[in-house]
Amino acid sequence: LKASTFVGRDKMMKDALAHVTGTDSDTTLILHGEPGCGKSGLLAAVSQQAMELRSGNKNFVFIHAVDSCPGSNLLEKFLRRLHVNLRGFRRAAGEIKVNSSPPASMTDLKQEHHSFIEETGNTNPKCKFIIIVDAVNQFNESNRAWDMWWLMRKTCPKNVRFMISTLNEENNTFANAKTSCPSAETLEVTSMSKEDLVEMVSTNLARYNKKLTTYDDRLLGNQMDILLTKSSSPLFLIAA
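Parameters and conventions
Residues numbered from 1 in each chain as written. Predicted model: local features only at pLDDT ≥ 70, side-chain atom pairs only at ≥ 80, totals over all residues. Heavy atoms only, no water. Helix = DSSP H or I, 4+ residues; strand = E, 2+ residues; numbered from the N terminus. Polar contact = N/O pair within 3.5 Å; in protein donor to acceptor, adjacent residues only side chain to side chain. Contact = heavy atoms within 4.5 Å. Axes fitted to C-alpha atoms, helices over the stretch in contact; angles between N-to-C directions. Parallel < 35°, antiparallel > 145°, perpendicular 65-115°, else oblique. Left-handed = near helix turned anticlockwise from the far one by under 90°. Salt bridge = Lys/Arg side-chain N within 4 Å of Asp/Glu carboxyl O. Pairing = 2+ DSSP bridges.

> How should the side chain of Lys39 be read in this particular structure?
If you trace the backbone, Lys39 turns up in helix α2 (residues 39-51). There is a polar contact of 3.0 Å between the side chain of Lys39 and the backbone oxygen of Glu34. Apart from residues no more than four positions distant in its own chain, Lys39 is found in contact with Leu31, His32, Gly33, Glu34, Ser165, Thr166, Leu167 and Val189.

> Just to check I follow, could you spell out the packing of helix α6 (residues 194-206) against helix α7 (residues 223-230) for this structure?
Helix packing for two helices is described by the angle between their axes and how far apart those axes are. Viewed as axis vectors pointing N to C, α6 and α7 meet at an angle of 110°, and their least axial separation amounts to 11 Å. Classified by the angle between their axes, α6 and α7 sit roughly perpendicular to one another. The two elements α6 and α7 cross, and the hand of that crossing is right-handed. Across the interface between the two elements, Lys194, Leu197, Val198, Val201 and Ser202 of α6 pack against Met224, Asp225, Leu227 and Leu228 of α7.

> How should the pattern of salt bridges be read in this particular structure?
Once their charged atoms are close, side chains differing in charge can pair, the charge on each being opposite to the other. In this structure the tally under the stated criterion is seven salt bridges. Between Asp15 and Lys11 there is a salt bridge, with its nearest N and O atoms 2.8 Å apart. Remark: Lys11 and Asp15 occur in helix α1 (residues 10-21); sequence separation between them is four residues, near one turn of the helix. Taken together, the shared-partner salt bridges in this structure form one network comprising Arg90, Glu95 and Glu119.

> For this particular structure, what's the right way to read the sheet that holds strand β4 (residues 160-167)?
Hydrogen bonds along the backbone pair up the strands of a sheet, which may run parallel or antiparallel. Strand order in the open sheet formed by five strands is β2-β3-β4-β1-β5, and the pairing between neighbours is parallel. Looking at the sheet topology across the chains shown, the edges are occupied by β2 (60-65) and β5 (185-188). Averaged over all pairs of adjacent strands, the angle between strand axes in this sheet comes to 15°, irrespective of strand direction. Pairing geometry for strand β3 (residues 129-134) and β4, over five bridges, is parallel. Pairing of Ile132 across the sheet is with Met163, part of β4. Running over the sheet, α2 touches β1 (28-33), β2, β3 and β4 and is turned about 155° from β3. Across the face of the sheet, helix α5 (residues 173-180) comes into contact with β1, β4 and β5 while running at roughly 150° to β4.

Take a look at the structure:
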């Protein structure tokens, strides 16, 4: 739903997709902004495009939406899920010596986290490894998740593409992400233009065969303008 209702902000979308498909920039891109500005919608739209890059399972795409289901806000569960999928991908590609299960203890998993991902990228230079994590500020604080130590190091190969979204302030994840990855690119998700907001609301309502007046109707008034005066937050408008 978030991907289907994302409209406008073409340059942001282009820049985010360029990060996913490219190899020239740093491995990590941090999407950031205020609550309800459309970060998750942008990430969902990029994720939808990224899924098309799998190209018969030749590329690896992993998407994790924090707090979208029970346990998804735990860093350890996210890391285990990521490493299980990476191992499955490598074994399916013929690397049968790769263990199908990550280390049992969090201490050992943490110790091999970066080196295993770097090894994966270096061992498969013709593959793209796209890892997308939405709303990292909603992780539980256990295992120092908010410190963002688990983001990629500078030594990570460029065919590994990491993209996260976070609020500007909550739990200090944005600042910590920049500290953990000093060379990471940042992309601020800014407010939508009125034209884009109108298109988003109209597109969403059309899914239910509904619409608002966009002119000064004698009885109803300009319903679209009335709605937009209440809030310009995409999250509010979709819920409304």
